[in-house]
Structure formats: C-alpha cells, structure tokens
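Listed below, chain by chain, are the residues.
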Amino acid sequence: MATTDRQATTLALAHALSAAERGLAVIPLSRSKLPALRSPHRDDPAPSPCHGACGRLGHGVYDASSDPDRIRELFAAAPWATGYGIACGLPPHHLIGLDLDVKTGTDSTAALRELALRHLFTIPPTVVVVTPSGGRHLWLSGPPEVVVPNSAGRLAPGIDIRGAGGYLVGPGSRAGQGVYAAAPGTAHLAPAPCPRSLLRLLLPPPRAHHLVPTAAGGHGQGLVQFVLAAHEGQRNTRLFWAACRAYEDGIGPALVDPLVDAALGTGLSEREARATIASAARMTGHRP
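Definitions and cut-offs
Within every chain, residues take consecutive numbers counted from 1 along the sequence as written. Only residues with pLDDT of 70 or above have their local features reported here, since the model is predicted, and side-chain atom pairs are shown and tallied only from 80 upward, although totals for entire chains, interfaces and linings are computed over all residues. Side-chain figures throughout are based on the complete set of non-hydrogen atoms in the structure, without hydrogens or water. Secondary structure follows DSSP: runs of H or I at least 4 residues long count as helices, runs of E at least 2 residues long count as strands, and numbering of each begins at the N terminus. The length a helix should cover is 1.5 Å for every residue beyond the first. Each residue is placed in one exposure class: buried if its accessible area under a 1.4 Å probe, protein chains only, is under 20% of its type's maximum, exposed if it is over 50%, and partly exposed if it falls in between. Joining through side-chain atoms within 4.5 Å is the link that ties buried Ala, Val, Leu, Ile, Met, Phe, Trp, Tyr and Cys residues into a set, and such a set is a nonpolar core. Only heavy atoms enter the contact rule, under which two residues are in contact if any of them lie within 4.5 Å. Put simply, two rings from Phe, Tyr or Trp (the six-membered ring, in Trp's case) pair if the centres are within 6.5 Å, and we call them stacked under 30 degrees between planes, edge-to-face over 60, tilted for the rest. The salt bridge criterion pairs a side-chain nitrogen of Lys or Arg with a carboxyl oxygen of Asp or Glu, the two atoms within 4 Å.

Trainee: How do you make sense of unusual backbone geometry when you look at a structure like this?
Mentor: Excluding glycine, residues mostly have negative phi values, and the peptide bonds linking residues are mostly trans. Following Pro91, the chain continues to Pro92 via a peptide bond in cis, the omega torsion being 5°. In this fold, Pro92 is placed in the loop between strand S2 (83-87) and strand S3 (95-100). Non-glycine residue His94 carries a positive phi angle of around 50°. Position of His94 relative to the elements: it lies in the loop between S2 and S3. Phi at Leu120 is positive, roughly 60°, even though this residue is not glycine. Counting through the fold element by element, Leu120 comes out in the loop between helix H3 (108-119) and strand S4 (128-130).

What follows is the structure, given as structure tokens:
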C-alpha cells in the first residue's frame, strides 16, 4: 500500500473513532464511498438476506458500531479503507441526512429553500459536511419511533435523503474526488432536531391500493387499514403517519384505540403503539 493510502487509512480511523465518541456508529469505506468490506455471501449460490447474524464482517451498514474495539477490528480487516460511513437512523441521534447534490445541474439549495417557504420550516444550525464536488450534507436528528426511508430526488430534484439502512460519508474521509470536510463553525454542533413539517415530507405517502374506501359510519377506516397493511420495518412509520393524518383531520382522539388495535395486529406492543401515537399528537400540535 502506498504511503499516502496508509496515511489516509490512519486518518480515516482516527476520524471514525472521534465520531464514535459522539455516539455515531461507523463503518470503513473505500475511495469509491462504498463499504470497504465485501459481503461474505457474495459467492453463495442463492444469497439470503443476512444482516450480520452469521457473525462475519462485510454486511455494510449493518456492521456499523460505535465501539472502539469493533471499529479497529473493522478497519484492520479493510486496510485499504480511506474513509468512513456514519449509519443513519440509529440511537442516540437517529440521524437523517439531507444530501444536497450539485452534479445534476439543479439548484438543490434553492429547492430546499422553496420547500422551507412553502411548508413553513427552518433548518436550525446543525452539522454541515461539504463534499468534494461542492455539495452539502445536512445532519438532522429524528424521533426514535419514526423510521425515515432512503430516497433519491423524491423530496425535490437534487436532494437525496439518507435514512434508516443508509449512511453518510463522514468528514475527514478521502474519496476519489477529494476530502469530505465539516463546514466552518459546524463541526462542534450536534445534529439538530428535524423540523416537524419537514419530517412529514420525508415519510412515504400511503399507496392507494393499501387503502379501502371509508364506509358510512367508519370514519378513519382507511387509516386503520393503512396501519394493518404494514410489514416489518415499516410498522412504526405507517402508524406515525396515520396518527398524524388523524390528528390533522380532527379525528385523532377518536382513532387512538382503533390505531392501537391495528398496530397490535402488526406485531407492535401496546406501549410502542401508544408512544408513537402520542409523538404524532405532539408533532401536530395536539395534546396526547
């Protein structure tokens, strides 16, 4: 390995350990910005979805850890790593990343500003990472009971979202085009809470075929059915979205018990369900 690569690996490990001290879970990345460790299942005839249960390294973001010994183990297994990724959606910050791209020919900063004016939110002071291409990553913190999915261009052209199951390239990482760096005056900040109206925009809308027409006398049945149709990994997100809609439509209090019953049917506990609904009530300006 060239001396410059060894230096880049040493610096990436140091930055990764520093991020872990802030509670952030990290993985080593190659210069391509992809996870440095290849999947141990890549040669399996019929690879099954394994999120690290096999005990081996190479499961991408599912390897992410804030434990210093584990991080050193990951980097020792990938001595070619020149950067690190920060897993989104994990405690304590439940990180959400807004990736403002400049390579698509669109003005993503203007698009975000327009969204903020239209939906009446302000991005508070937070960590901002400048990419080698001149783009920016904005770090925000989400509620623990809400799962924000990854998306590309859904919020607005040139704006990608890094949520649960995704990662952000950490400041200090070296990629093919250059180095990622924290914007001046932001490195010491904690990820700011995601504005409520922006958070609602980040959640996926319900699919029409999952909803059923509301029957006479069955007000809110569509929201209940939306929750019942949830699969594992989207149960809290669907419940949170449905509860927000219920409170916005003025039927939140009347729909609490039906929504809880629907959530129980998907496998959530009553405690989880009621906590999520209470969070939706607060998010929409109502008292749980």
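Trainee: Looking at this structure, how should I read helix H8 (residues 270-283)?
Mentor: Three- or four-residue spacings in an α-helix give side chains the same orientation, since the helix completes a turn every 3.6 residues. Taking 1.5 Å per residue, 14 residues should reach 20 Å; H8 reaches 20 Å between its end C-alpha atoms and fits that length. Listing the buried residues of H8 in full gives Ala273, Thr276, Ile277, Ala278, Ser279, Ala280, Ala281 and Met283. Remark: Gly285 follows H8 within two positions and exhibits a positive phi of approximately 85°.

Trainee: I would appreciate a short explanation of the nonpolar core in the present structure.
Mentor: Soluble globular proteins tend to pack their nonpolar side chains together in the buried interior. In this structure, Ile96 and Leu259 are the most contacted members of the largest nonpolar core, which totals 49 residues. At 8 residues, the largest contribution of residues to this core is made by helix H6 (residues 235-248). Setting aside its immediate chain neighbours within four residues, Leu259 contacts Leu223, Val224, Val227, Leu239, Ala242, Ala243 and Ile277. Residues Ala12, Ala16, Val26 and Tyr84 belong to the second largest nonpolar core, which totals 32 residues.

Trainee: Would you mind showing me how to read the packing of aromatic side chains here?
Mentor: For any pair of aromatic rings, the description consists of the separation of the ring centres together with the inter-plane angle of the planes. As enumerated under the stated definition, the model contains 1 aromatic pair in all. The interplanar angle of 65° and the centroid separation of 5.3 Å between the aromatic rings of Phe226 and Trp241 together place this pair among those described as edge-to-face. Residue Phe226 is found in helix H5 (residues 221-228), and its partner Trp241 is found in helix H6; the two are separated by 15 residues along the sequence. The pair Phe226 / Trp241 is uniform in exposure class, with both members buried.

Trainee: Quick question: what am I supposed to make of the pattern of salt bridges here?
Mentor: Close approach of charged atoms lets side chains of opposite charge pair. Taken as a whole and judged by the stated rule, the model has 8 salt bridges. The salt bridge involving Arg162 is made with Asp99; its shortest N-O contact spans 3.5 Å. Of the two residues, Arg162 is situated in strand S7 (residues 159-162) and Asp99 in strand S3; the sequence distance between them amounts to 63 residues. Exposure remark for Arg162: the relative accessible area of 23% places this residue in the partly exposed category. A salt bridge links Asp257 to Arg274; the nearest nitrogen and oxygen atoms lie 3.2 Å apart. Remark: Arg274 occurs in helix H8 and Asp257 occurs in helix H7 (residues 252-266); sequence separation between them is 17 residues.

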